[in-house]
Structures are given as C-alpha cells and as structure tokens.
Amino acid sequence: MYAVIADSGKQYRVEEGQILEIDFRADAEDGAEITFDRVLCVSGAAGLTIGKPVVAGAMVTAKVVDPESRGEKLYIQTFRRRKNVRRRTGHRQSFTKVQISKIVG
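Residues numbered from 1 in each chain as written. Predicted model: local features only at pLDDT ≥ 70, side-chain atom pairs only at ≥ 80, totals over all residues. Heavy atoms only, no water.

Undergrad: Outline the overall build of the protein, listing residues and values.
TA: The number of helices and strands found in the protein is zero helices and ten strands. In the protein, the succession of helices and strands from N to C terminus is β-β-β-β-β-β-β-β-β-β. The C-alpha radius of gyration of the protein comes to 19 Å, more than 25% above the 13 Å expected for a compact globule of 105 residues. With the C-alpha coordinates of the protein rotated into their principal frame, the extents come out at 65 × 30 × 20 Å. (Helix = DSSP H or I, 4+ residues; strand = E, 2+ residues; numbered from the N terminus. Rg over C-alpha atoms; globule rule 2.2 N^0.38 Å.)

Given below as structure tokens:
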C-alpha cells in the first residue's frame, strides 16, 4: 500500500515504515505525530484511488524521528574575471525526518 501526499509545494510517494525528509518544521518535537491530509492518491487492496484534487477522508500519519537534521553542504562560488573578485559561500538545508506509521484511505 502506498500514497502520494503533498506538503510544502512538493509531492512525495510514501509507504508505511518509510523514513522521509520533509521541509524543516520549527514546531515539531521528537516523537510527535504529524498528519498529512492532502493525499493525492492511495493504492490499496481495492485498487488505486485518485483524488480530484485530494482523496476525501484519506490521511497519512507520521512520527517525527529527528526534528532537525541537515543535508550535505553545498558550496557556491562567484568569480569575476580581471576584477580580483572571488567569493565562496556554503549552505546546508535543514530537514525534519519523519517515519510514516499509518496510511488511511
């Protein structure tokens, strides 16, 4: 059984037990429950159910595993030739790791 959910402008294909990195949520605590109610489609024993735009009565429940994890560091370099201008900066994106516990739909 799997579902496709929409969260923060992104779509994820999720299954029960899967660990997922979603956008950082400041209010998430370790072990807290998060429910995703924007379920776009659900596949189960009865077949595939596609919503218009969401499936009525369907939701996905997830448990917060790590409230603040960070991705790998990306380096950004800018360079202007003949001007002696060089700049190197870095960025690490913050994520919240959740584990999908239940798909209802």
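Undergrad: Pulling in residues and values, what's your account of the sheet that holds strand E5 (residues 39-44)?
TA: Taken together, the four strands give an open sheet; going across it, the order is E2-E1-E5-E6, and neighbouring strands pair in antiparallel fashion. Looking along the sheet, the strands with just one partner apiece sit at the ends: strand E2 (10-15) and strand E6 (47-50). Between one strand axis and the next, the sheet turns by 15° as a mean value, whatever way the strands run. The sheet contact formed by strand E1 (residues 2-7) and E2 spans six bridges and is antiparallel. Looking at the pairing, Tyr2 lines up with Glu15 of E2. (Pairing = 2+ DSSP bridges. Axes fitted to C-alpha atoms, helices over the stretch in contact; angles between N-to-C directions.)

Undergrad: Report on the sheet that holds strand E10 (residues 94-104), specifying residues and quantitative values.
TA: Pairing is antiparallel across the open sheet formed by four strands, whose spatial order is E3-E10-E7-E4. The open sheet has two edge strands with one neighbour each: strand E3 (19-23) and strand E4 (33-36). Each adjacent strand pair in this sheet contributes to an overall mean axis angle of 45°, direction not counted. Two elements, E4 and strand E7 (residues 59-70), share four bridges in a ladder whose sense is antiparallel. Each bridged residue has a counterpart across the sheet, and for Ile34 the counterpart in E7 is Ala62.

Undergrad: A description of the pattern of salt bridges should follow, citing residues and the corresponding values.
TA: Counting across every chain of the model gives three salt bridges. Note that Asp23 is salt-bridged to Lys10, the shortest N-O span being 3.0 Å. Taken together, the positions of Asp23 in strand E3 and Lys10 in strand E2 put the pair 13 residues apart, joining distant regions of the chain. Overall, the relative accessible area of 37% leaves Lys10 in the partly exposed class. Between Glu15 and Arg13 there is a salt bridge, with its nearest N and O atoms 3.1 Å apart. (Salt bridge = Lys/Arg side-chain N within 4 Å of Asp/Glu carboxyl O. Buried < 20%, exposed > 50% of the residue type's maximum accessible area, 1.4 Å probe, protein only.)

Undergrad: Help me get a handle on the environment of Met1, residues and values and all.
TA: For Met1, the position within the fold is in the segment before E1. With relative accessibility at 51%, the residue Met1 sits in the exposed group. A C-alpha to C-alpha distance of 10 Å links Met1 and Lys102, two positions 101 residues apart in sequence. Excluding residues that lie within four positions of it along the chain, Met1 makes contacts with Glu15, Glu16, Val42, Ser43, Gly44 and Ile103. (Contact = heavy atoms within 4.5 Å.)

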